[in-house]
Amino acid sequence: MSSSFQPVVAGSAAGPSAPAPTTQKNVPHRGGEANPSAAALTQQFGAAIKAVTVVWGETTVIVDTARLHDIVQWLHDDPSQRYDYLSDVTAVEFRDLEQPLEVVWHLRSLPWRRFIRIKVLIEKGAALDVPSVWDIYKAADWMERECYDMFGITFSGHPDLRRLLMWEQYKEGFPLRKDFPLRGRFSRSEQLRQALAANPEARYSKDELSIADAFEDLPADMRRRLTSGEKVGE
């Protein structure tokens, strides 16, 4: 029998003598007190922690890509950290030929009332590939898919990495990359031609596909998943 559900009480790990949370005032742009988890990470992982910065009171830790999964796992599991909530996975690409692309994870420790931002830097020209944290936080499922869909970043270990916001047949690339044209890679006439040629009944639901008889319009890999009984789409 599974254990009964135990709700997380915010601030419970800090103890009853901890001061009540208050809105910070006069927070400096840069500098200030870092999240204590940053020092703990440096002690635990040494050279894998490349930099620690504090901006507007929020701590960012840049880590080695190869140790990303170990670091997140430790932040989640260690009793002194307990980052039990993954609130976001995203990326940042700059309009700079030299500046690396950043992949960003936002973690929150509800018991300790802490927030930390973890980043890895991917140099220009390097493979856009980072470890998935789906096995640690199931909430990473759609977040990593969205990041893949918009930036083309591959999350190694994700069990079902495919487009989330754009349709599976989308061929123009990744809309949030800086090299993506504002009007798309195809001309307006080509976009219009494809829109008119598309079957409006092509949906992701098997039931809808049966009704619309649009099965043959889907990519081969999606037809294979549907015929195997796998549930796809929302």
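See the structure above.
Residues numbered from 1 in each chain as written. Predicted model: local features only at pLDDT ≥ 70, side-chain atom pairs only at ≥ 80, totals over all residues. Heavy atoms only, no water.

(A) Spatial organisation of the overall build of the protein. Along its length, the protein carries six helices and seven strands. Starting at the N terminus, the α and β elements of the protein follow one another as α-β-β-α-β-β-β-β-α-β-α-α-α. A total of 234 residues make up the protein; the buried ones form 34% of that total. Look at the contacts in the protein between residues 6 or more apart in sequence, and 52% of them connect residues 24 or more apart. When the accessible surface of the protein is summed, it comes to about 14400 Å², and 53% of that surface belongs to carbon and sulfur atoms. (Helix = DSSP H or I, 4+ residues; strand = E, 2+ residues; numbered from the N terminus. Buried < 20%, exposed > 50% of the residue type's maximum accessible area, 1.4 Å probe, protein only. Contact = heavy atoms within 4.5 Å. Areas by Shrake-Rupley, 256 points an atom, 1.4 Å probe, with all protein chains shown as cover.)

(B) Representation of the nonpolar core. Counting residues in each nonpolar core, the largest one holds 39 residues, and the members touching the most others are Leu41, Leu86, Val103, Trp105, Ile118, Val133 and Ile153. For this core, the secondary structure elements donating two or more residues are α1 (36–45), β2 (58–63), α2 (68–77), β3 (85–92), β4 (101–109), β5 (114–122) and α3 (140–151). (Core = buried A, V, L, I, M, F, W, Y, C linked by side-chain atoms within 4.5 Å.)

(C) Quick peek at a nonpolar patch on the surface. Nonpolar side chains collect at one region of the surface, where Val8, Tyr85 and Leu110 lie side by side and expose about 250 Å² of accessible area between them. Structurally, Tyr85 is set in strand β3. (Patch = residues over 30% accessible without salt bridge, like charges linked within 9 Å, V, L, I, M, F, W, Y side chains within 5 Å. Salt bridge = Lys/Arg side-chain N within 4 Å of Asp/Glu carboxyl O.)

(D) Structural detail: the sheet that holds β2. Pairing is mixed across the open sheet formed by five strands, whose spatial order is β1-β2-β5-β4-β3. Since the sheet does not close on itself, it has two edges, and those belong to β1 (49–55) and β3, each with one partner. For this sheet the average axis-to-axis angle between neighbouring strands, irrespective of direction, equals 20°. Direction of pairing for β3 relative to β4: antiparallel, over a ladder of seven bridges. By the bridge assignment for β4, Val92 is matched with Glu102. On top of the sheet, α1 reaches β1, β2 and β5; it is set at about 50° to β5, its chief contact. The sheet contacts of α2 involve β1, β2, β4 and β5, and relative to β5 the element is tilted by about 175°. (Pairing = 2+ DSSP bridges. Axes fitted to C-alpha atoms, helices over the stretch in contact; angles between N-to-C directions.)

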